[in-house]
Amino acid sequence: MLGLLVDNSIVVLENIDSHLRMGKASWQAAKDAALEVATPVLGSTLVIIVVFFPVLFLTGMAKFLFSPLAVTVAGAMAGSYIFSLTLVPLAAAFLFKNRKPQTNEKARGPLAFFQHFIDWMKRGYQRSLEGALKFKWLVLLATLILFVFSLFTMKNLGYELVPQSDVGQMEIQVRLESGTPLKTTEVTIKEMEQIVRDELGGDLQQIISNLGIFYDLPAAYTPNSGTQDAFIGIQLKEGQAT
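Notes on the structure follow.

About the cut-offs
- Think of each chain on its own: its residues are numbered from 1, step by step along the sequence as written.
- At least 70 in pLDDT is required for a residue's local features to be given in this predicted model, at least 80 for side-chain atom pairs to be given and counted, and no such filter applies to totals for whole chains, interfaces and linings, which use all residues.
- Excluded from the side-chain calculation are hydrogens and water; included are all heavy atoms of the structure.
- Secondary structure follows DSSP: runs of H or I at least 4 residues long count as helices, runs of E at least 2 residues long count as strands, and numbering of each begins at the N terminus.
- When accessible area is computed with a 1.4 Å probe and restricted to protein chains, residues below 20% of their type maximum are described as buried, those above 50% as exposed, and intermediate ones as partly exposed.
- It only takes one pair of heavy atoms within 4.5 Å for two residues to be counted as in contact.
- Here the accessible surface of atoms and residues is derived via Shrake-Rupley with a 1.4 Å probe, and residues count as covered only by protein chains that are part of the display.
- Only the stretch in contact is used when fitting a helix axis, every axis being a line fitted to C-alpha atoms; angles between N-to-C directions are given from 0 to 180 degrees.
- Between 65 and 115 degrees an angle is taken as roughly perpendicular, under 35 as roughly parallel, over 145 as roughly antiparallel, and anywhere else as oblique.
- Polar here means any residue outside two lists: the nonpolar Ala, Val, Leu, Ile, Met, Phe, Trp, Tyr, Cys and Pro, and the charged Asp, Glu, Lys and Arg; Gly therefore counts as polar.
- Buried Ala, Val, Leu, Ile, Met, Phe, Trp, Tyr and Cys residues that are joined via side-chain atoms within 4.5 Å together make up what is termed a nonpolar core.

1. Digging into the overall build of the chain
Then step 1. Per the secondary structure count, the chain includes seven helices and three strands.
Then step 2. Helices and strands appear in the chain in the N-to-C order α-α-α-α-α-α-β-α-β-β.
Then step 3. Counting only residues that meet the buried cut, the chain has 23% of its 242 residues in that class.
Then step 4. Long-range contacts, defined here as pairs at least 24 residues apart, represent 68% of the contacts in the chain between residues at least 6 apart.
Then step 5. Summed over all atoms, the accessible surface of the chain reaches about 18,300 Å², with 65% contributed by carbon and sulfur.

And the structure:
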């Protein structure tokens, strides 16, 4: 995110440096450079904002998690665009006053290798750009093919933040008449367990029942409130849905 905020200013500063190398005064170079890249920088800024715009239409938990992020990114990018075309050119015009770029100065020391690498990348980009413009219809056709291919891959993408899952577990909560003795509750639960075993058959992996309550620390970890309460935990075998 921090890199996106400074990208606009970097583009403007690079263009100001290019205009200074043309021999222009700092104020004129800053003005011409800012006006020259105003539209491209606006386009790149709007693209980033548009990417986050659909987040505002989310619902449920995803809306509360990501909507503030989308608003923050949009506001930050808008501020970055404004500052890159106002404060940055103004500061550059003042700081670069009576200074000319040293076009013949060569990098020395550890920076020399880095500068050679940048120059090599520039030459490679220039050659690839010339080739793309020469065979522009081929480039457009390849882009269209990739776009169509991406449409087929969308069917395998998920559309939920927390999709529903089935781990094959069930819980039955039982409440008998208030004041029912624990032994009576136990008999009822055993009958219910047998019914569950008969219904599930071979799909049942495990069944656990919890009856009554201990009036101590364990009471905080059970939904039971007395001897009349119980719950039955059921675990199905792997691959079986509830």
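2. Brief notes about the packing of helix α3 (residues 60-85) against helix α4 (residues 87-95)
Then step 1. Where α3 meets α4, the closest approach of the two axes is 3 Å, and the angle between their N-to-C directions is 30 degrees. Classified by the angle between their axes, α3 and α4 sit roughly parallel to one another. Across the interface between the two elements, F83, S84 and L85 of α3 pack against L87, V88 and P89 of α4.
Then step 2. Residues that form the contact of α3 with α4 fall into these classes: five nonpolar, one polar and no charged.

3. Some details on the nonpolar core
Then step 1. Ranked by size, the top nonpolar core spans 13 residues in total, and within it V12, I16, L20, A30, V37, V41 and Y81 carry the most contacts.
Then step 2. Elements supplying a minimum of two residues to this core: α1 (2-21), α2 (26-52) and α4.
Then step 3. For V37, the residues in contact, after removing those within four places along its chain, are V11, V12 and N15.
Then step 4. V174, I232, I234 and L236 belong to the second-largest nonpolar core, a separate cluster that totals nine residues.

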